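Analysis of the macromolecular model
For reference, the chains in residue letters:
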Amino acid sequence: MNNEHVLPTYGRAPFEAVRGEGSYLYDAEGRRYVDFCAGIATCSLGHCHPVLVKAVAEQAATLMHCSNLYGIPGQEKLARLLVEQVIGIPGRVFFCNSGAEGNEGMIKVARRFGHRRPAADGFPRYEVITFNKSFHGRTLGTLAATGQTKVQVEFDPLLNGFKYVDFNDIEGLRAAVSPCTCGIMLEAVQGEGGVNPATPEFLRAVAELCRQKDLLLMIDEVQCGIGRCGASMGWKAVCPEVEPDLVSCAKGIGGGFPMGCFWVSNRAIDDAGTQLSSIMGPGSHGSTFGGTPLACAAGYAVVNEILTQGLVERAARMGDVVKSTVESWNLPCVEIVRGLGLLRGVGLKKGSFEVPEGQTPASHVNNLCREAGLLCCPAGPDTLRVIPALNVPEEVLAEGLAILKAVLSSL
Ligand SMILES: *Cc1c(COP(=O)(O)O)cnc(C)c1O
């Protein structure tokens with residue numbers, strides 16, 4: 001494999017992906033893999049789903065891009081679907097192209113909110129509290145928001161105004177809130193950091209704390225949203241009565257087409273009834289490629305298919321199959337199966353098997369799975385992520401799980 005002109009920021013598996021079909025991926029030599037990685041929870045309909053292919057092909061032949069200087073009917077159509085049927089709380093959507101960009105947008109709204117609702121001494125609030133083991137992206141803002149030093153090494157000085165506390169630790173969070181705090185940002189289920197769901201009690205308490213201290217509740221649904229966790233959004237799979245102020249989405253929304261967005265609540269932020277969504281007026285934010293007719297056609301096709309084909313409920317059911325199947329093997333190397341819906345993490349027991357020099361238990365098992373014909377994805381050092389397409393056929397799910405069982409049994 002010749003990659004000498006590509007910047008080596010990824011430690012890539014030694015094969016070239018050239019073709020996909022449903023929940024199978026094929027390499028350049030024609031080898032077929034069961035795909036439980038799905039482009040890192042992105043190909044929510046599997047590869048080359050006919051509805052998505054048709055929507056993209058037809059829109060590409062009609063109008064691909066025109067800029068946000070003009071009205072784009074596909075944006076309103078998709079935004080309405082997201083507001084009414086996915087988020088379910090009145091608000092407005094900004095379209096962008098990735099998860100990091102969605103989170104950048106949320107951080108900008110929080111900063112502006114901090115200006116409109118300053119601290120008691122009149123100083124604008126700016127601090128956003130995030131969590132250890134979180135992952136929010138690779139831009140300078142979102143890597144500062146990420147509560148893992150590994151993404152920050154040698155990129156300092158970091159953007160000011162982030163503080164990290166332990167996930168699911170409400171007392172630690174309460175103690176961390178300062179007069180400069182304007183928001184709390186979290187993943188309903190931490191994905192990259194090891195598949196750690198928020199507990200319902202924690203999420204409820206965070207929402208209460210936000211109301212009490214006039215903070216924005218910012219939920220990063222980039223990985224856990226859009227049906228992945230067996231509810232329309234990850235936070236609803238954890239604690240449906242919670243009402244966030246800001247939500248970001250990306251990964252699964254485009255089914256592989258690059259797209260992201262953030263949603264801003266219409267809720268009033270002062271006694272005059274100013275809507276939170278109104279503070280981002282003309283000139284406050286933008287993106288040349290955000291919400292192109294092409295991206296919106298892809299996003300609408302994917303989200304509509306997920307909602308109308310019952311793929312949300314299906315993700316809940318198939319996720320239970322993954323969990324109960326892996327648990328039923330009773331293998332000494334499996335400590336626990338974490339997660340919700342089809343965002344699952346197989347927690348590997350430390351010291352229960354040999355790990356080659358330079359690898360983590362998760363990367364080692366991930367490599368063995370790939371060699372055996374199954375694509376998964378590590379999440380932190382000790383967790384193997386199982387994140388198939390939401391429409392993975394039952395027999396392909398069983399095929400992949402059988403490979404996983406053989407690999408784990410051989411350790
Ligand atoms: C992947 C991910 C991001 C970053 O998304 P990109 O599209 O890679 O910028 C942000 N937050 C979470 C929770 C993610 O899983």
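Residues numbered from 1 in each chain as written. Predicted model: local features only at pLDDT ≥ 70, side-chain atom pairs only at ≥ 80, totals over all residues. Heavy atoms only, no water.

**Focus: a nonpolar patch on the surface**
Operational definition: Patch definition: residues above 30% relative accessible area lacking any salt bridge, with like charges linked at up to 9 Å and the nonpolar side chains Val, Leu, Ile, Met, Phe, Trp and Tyr linked at up to 5 Å. Areas reported as accessible are Shrake-Rupley estimates using a 1.4 Å probe. Residue values count occlusion only from the protein chains shown. Basic side-chain nitrogens of Lys or Arg form a salt bridge, by our definition, when they fall within 4 Å of a carboxyl oxygen of Asp or Glu. For the purposes of this entry, the term helix denotes a DSSP run of H or I that reaches at least four residues, the term strand denotes a run of E that reaches at least two, and both are numbered from the N terminus.
Judged by side-chain polarity, Leu140, Phe155, Leu158 and Tyr164 come together as a nonpolar surface patch covering roughly 370 Å² of accessible area. Structurally, tyrosine 164 is set in strand S6 (residues 162-165).

**Details of the layout of surface pockets**
Here is the rule we go by: A cavity here means a set of 1 Å grid points, computed over protein atoms only, where a 1.4 Å probe fits but cannot escape. A pocket is an open set with protein on both sides within 12 Å along at least 5 of 7 lines, and lining residues have an atom within 4 Å of a point. Grid points are joined across faces, edges and corners, and a volume is the space filled by probe spheres set on the points.
Its boundaries defined by the atoms lining it, the second largest pocket holds a volume of some 670 Å³. Here the lining of the second largest pocket takes six residues from helix H3 (residues 73-87), the largest share from any one element.

**Details of the domain arrangement of the protein**
Put simply, the rule reads: Domain delimitation in this document rests on an assignment produced automatically or drawn from a domain database. Contacts are assigned to residue pairs that have any heavy atoms within 4.5 Å of one another. As used here, buried area is the combined drop in accessible area, with a 1.4 Å probe, of two parts when they are placed together. Counted as a polar contact is a pair of N or O atoms within 3.5 Å, where, for protein atoms, one must be capable of donating a hydrogen and the other of accepting one, and residues adjacent in sequence contribute only when both atoms are in side chains.
Domains assigned within the protein are domain 1 (17-49 + 311-410) and domain 2 (53-308). If you average the C-alpha positions of domain 1 and of domain 2, the two centres end up 27 Å apart. Counting residues at the interface gives 28 residues for domain 1 and 27 residues for domain 2. Between domain 1 and domain 2, the buried area comes to about 2,200 Å², and carbon and sulfur atoms account for 63% of it. The three residues of domain 1 that bury the most area against domain 2 are Val312, Leu340 and Leu343, which together make up 28% of that side's buried surface. Applying the counting criterion to the domain 1 and domain 2 interface returns zero salt bridges. Applying the counting criterion to the domain 1 and domain 2 interface returns ten residue pairs in polar contact (both at pLDDT 80 or more).

**Description of the site of the ligand**
The criterion, for reference: A cutoff of 4 Å decides nearness: a residue is near a molecule or strand if any of its heavy atoms lies inside that distance of it.
Contacts to the ligand come from Ser98, Gly99, Ala100, Asn103, Phe135, His136, Gly137, Glu187, Asp220, Val222, Gln223 and Lys251. One of the backbone nitrogen or oxygen atoms of glycine 99 is found 2.8 Å away from an oxygen atom of the ligand. Here a nitrogen atom of the ligand sits 2.8 Å away from a polar atom, N or O, in the side chain of aspartate 220. For the ligand, whose unbound accessible area comes to 380 Å², protein coverage reaches 80%. In terms of residue count, helix H4 (residues 99-116) provides more of the shell around the ligand than any other element does, three residues in total.

**Quick word on the sheet that holds strand S10 (residues 216-220)**
Which entries qualify depends on this criterion: One bridge is not enough; two strands pair if DSSP finds at least two bridges between them. For every element, the axis is a line fit to its C-alpha atoms; helices are fit only across the contacting stretch, and the angle between N-to-C directions ranges from 0 to 180 degrees.
Overall, mixed pairing links the seven strands, which are arranged S4-S12-S11-S10-S7-S5-S6 in an open sheet. Two strands bound the open sheet, and with one partner strand each, they are strand S4 (91-96) and S6. Neighbour-to-neighbour, the strand axes of the sheet open up by a mean angle of 20°, direction not taken into account. Note that strand S5 (residues 127-131) and S6 share four bridges and pair parallel.

**Brief notes about the packing of helix H11 (residues 361-371) against helix H12 (residues 394-409)**
To keep it simple, the criterion reads: Orientation is classified from the angle alone, with under 35 degrees giving roughly parallel, over 145 giving roughly antiparallel, 65 to 115 giving roughly perpendicular, and any other angle giving oblique. By the definition used in this description, the sense in which the near helix is turned from the far one sets the handedness, with an anticlockwise turn below a right angle giving left-handed and a clockwise turn giving right-handed. Residue polarity follows a fixed list, in which Ala, Val, Leu, Ile, Met, Phe, Trp, Tyr, Cys and Pro are nonpolar, Asp, Glu, Lys and Arg are charged, and the others, Gly among them, are polar.
Interhelical geometry of H11 versus H12 gives an angle of 125° and a closest axis separation of 10 Å. As summarised for this structure, H11 and H12 are arranged oblique, according to the angle between their axes. Of the two possible hands of crossing, H11 and H12 adopt the one that is right-handed. Only Ile403, Leu404, Val407 and Leu408 of H12 make contact with H11, whose side of the interface consists of Val365, Leu368 and Cys369. Taken together, the residues that form the contact of H11 with H12 break down as seven nonpolar, no polar and no charged.

**Here we look at the environment of valine 93**
With respect to the secondary-structure elements, valine 93 resides in strand S4. It is 21 Å that separates the C-alpha atoms of valine 93 and alanine 207, two residues lying 114 residues apart in sequence. Apart from the residues lying within four places of it in its own chain, the contact partners of valine 93 are Ala79, Leu82, Val83, Cys261, Phe262 and Trp263.

**Remarks on the nonpolar core**
What counts here: We call a set of buried Ala, Val, Leu, Ile, Met, Phe, Trp, Tyr and Cys residues a nonpolar core when their side-chain atoms join them within 4.5 Å. Partly exposed residues are those whose accessible area sits between 20% and 50% of the maximum for their type, while under 20% is buried and over 50% is exposed, using a 1.4 Å probe and protein chains only.
Ranked by size, the top nonpolar core spans 99 residues in total, and within it Leu173 and Trp235 carry the most contacts. Taken domain by domain, this core gets at least three of its residues from each of domain 1 (17-49 + 311-410) and domain 2 (53-308). Other than its neighbours up to four places away in sequence, leucine 173 contacts Ile129, Phe131, Val165, Ile184, Phe202, Val206 and Leu209.

**What to know about the pattern of salt bridges**
Applying the stated rule across the entire model yields 15 salt bridges. Between arginine 174 and glutamate 171 there is a salt bridge whose closest N-O contact spans 2.7 Å. One end of the pair, arginine 174, and the other, glutamate 171, are both in helix H6 (residues 170-176), three residues apart, so they sit about a helical turn from each other. Take arginine 174: its relative accessible area is 37%, and that puts it in the partly exposed class. When its relative accessible area of 52% is taken as the criterion, glutamate 171 is described as exposed. A salt bridge links aspartate 245 to arginine 211, with the nearest nitrogen and oxygen atoms 3.5 Å apart. Residue aspartate 245 is located in the loop between helix H8 (234-238) and strand S11 (246-249), and its partner arginine 211 is located in helix H7 (residues 200-213); the two are separated by 34 residues in the primary sequence. Taking relative accessible area as the criterion, aspartate 245 reaches 0% and is therefore assigned buried. According to the relative accessible area criterion, arginine 211 is partly exposed, its value standing at 42%. In this structure, a network of salt bridges that share partners links the residues Arg117, Arg125 and Asp214.

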